Amino acid sequence: AEDAAPALRQHLEAAGARVDAVVAYRNVAERPQIDLAQERIDAVAFAFSGTAERFVAAAGPATIAALTTAGTRCYAIGPETAAGMARLGLPCASIAAEASVAALAEAIIADLARPAQ
């Protein structure tokens, strides 16, 4: 991705590999088609911290506050994504056990199945 973290490239270069970084795709922010503050949204899942950044930018602080107050839960595919969410003020309800869509889905299901406190 155009805005990918440099960690993989840096590790490969440190191991002596010659790396040619190319952009295979770009992430483009879009405005939500619905009024997020007026919808009941149980969960929002993030597989990349850049997506969380675009979500916060598109929704705006008032909508993020309304979602959080209404009990919307946010989830991360891994610790790096969770750290990005924390920098944005998005509370992370759960982090997937491994960086896969299946594990992220399992984390969401397990969290939402818990009785409300």
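Look up: the structure comes first, before these words.
A few points on the structure. In this text, all values refer to a predicted model and were calculated from it rather than measured experimentally. (Residues numbered from 1 in each chain as written. Predicted model: local features only at pLDDT ≥ 70, side-chain atom pairs only at ≥ 80, totals over all residues. Heavy atoms only, no water.)

Bridging between strand S2 (residues 73-76) and strand S3 (residues 92-95) involves three bridges; their strand directions are parallel. From the neighbouring strand, Tyr 75 faces S3, where its bridge partner is Ser 94. In this region the chain leaves S2, passes through helix H4 (residues 79-88) and returns to the parallel neighbour S3; the handedness of that crossover is right-handed. (Pairing = 2+ DSSP bridges. Helix = DSSP H or I, 4+ residues; strand = E, 2+ residues; numbered from the N terminus. Right-handed = clockwise from strand over helix to strand, strands pointing away.)

The subject of this paragraph is the pattern of salt bridges. Taken as a whole, this structure holds five salt bridges when the rule is applied. Between Arg 9 and Glu 13 there is a salt bridge, with the nearest N and O atoms lying 3.2 Å from each other. Of the two residues, Arg 9 and Glu 13 are both situated in helix H1 (residues 7-14); the distance of four residues between them amounts to about one turn of the helix. The exposure class of Arg 9 is partly exposed, given its relative accessible area of 32%. (Salt bridge = Lys/Arg side-chain N within 4 Å of Asp/Glu carboxyl O. Buried < 20%, exposed > 50% of the residue type's maximum accessible area, 1.4 Å probe, protein only.)

Mapped onto the elements of the fold, Gly 78 is located in the loop between S2 and H4. Put simply, Gly 78 and Leu 88 are 10 residues apart on the chain and 16 Å apart in space, counted from C-alpha to C-alpha.

Okay, the sheet that holds strand S1 (residues 43-46) next. The parallel open sheet is built from three strands, whose spatial order is S1-S2-S3. The open sheet terminates on both sides in strands that have one partner only, identified here as S1 and S3. Recorded for the sheet is a direction-independent mean angle of 25° between the axes of neighbouring strands. H4 rests against S1, S2 and S3 of the sheet, and its axis sits at about 140° to S2. (Axes fitted to C-alpha atoms, helices over the stretch in contact; angles between N-to-C directions. Contact = heavy atoms within 4.5 Å.)

It is worth spelling out the packing of aromatic side chains at this point. Considering all chains together, one arrives at one aromatic pair under this definition. Both rings, one in Phe 46 and one in Phe 55, keep their centres 5.5 Å apart while their planes meet at 65°; by these two values the pair is edge-to-face. You can call Phe 46 buried: its relative accessible area is 1%. (Phe/Tyr/Trp six-rings, centres within 6.5 Å; stacked < 30°, edge-to-face > 60°.)

All right, on to the environment of Gln 33 then. You can see Gln 33 is positioned in the loop between H1 and S1. Here Gln 33 falls in the exposed class, since its relative accessible area comes to 74%. The sequence separation of Gln 33 and Ala 82 amounts to 49 residues, and the corresponding C-alpha distance is 25 Å.

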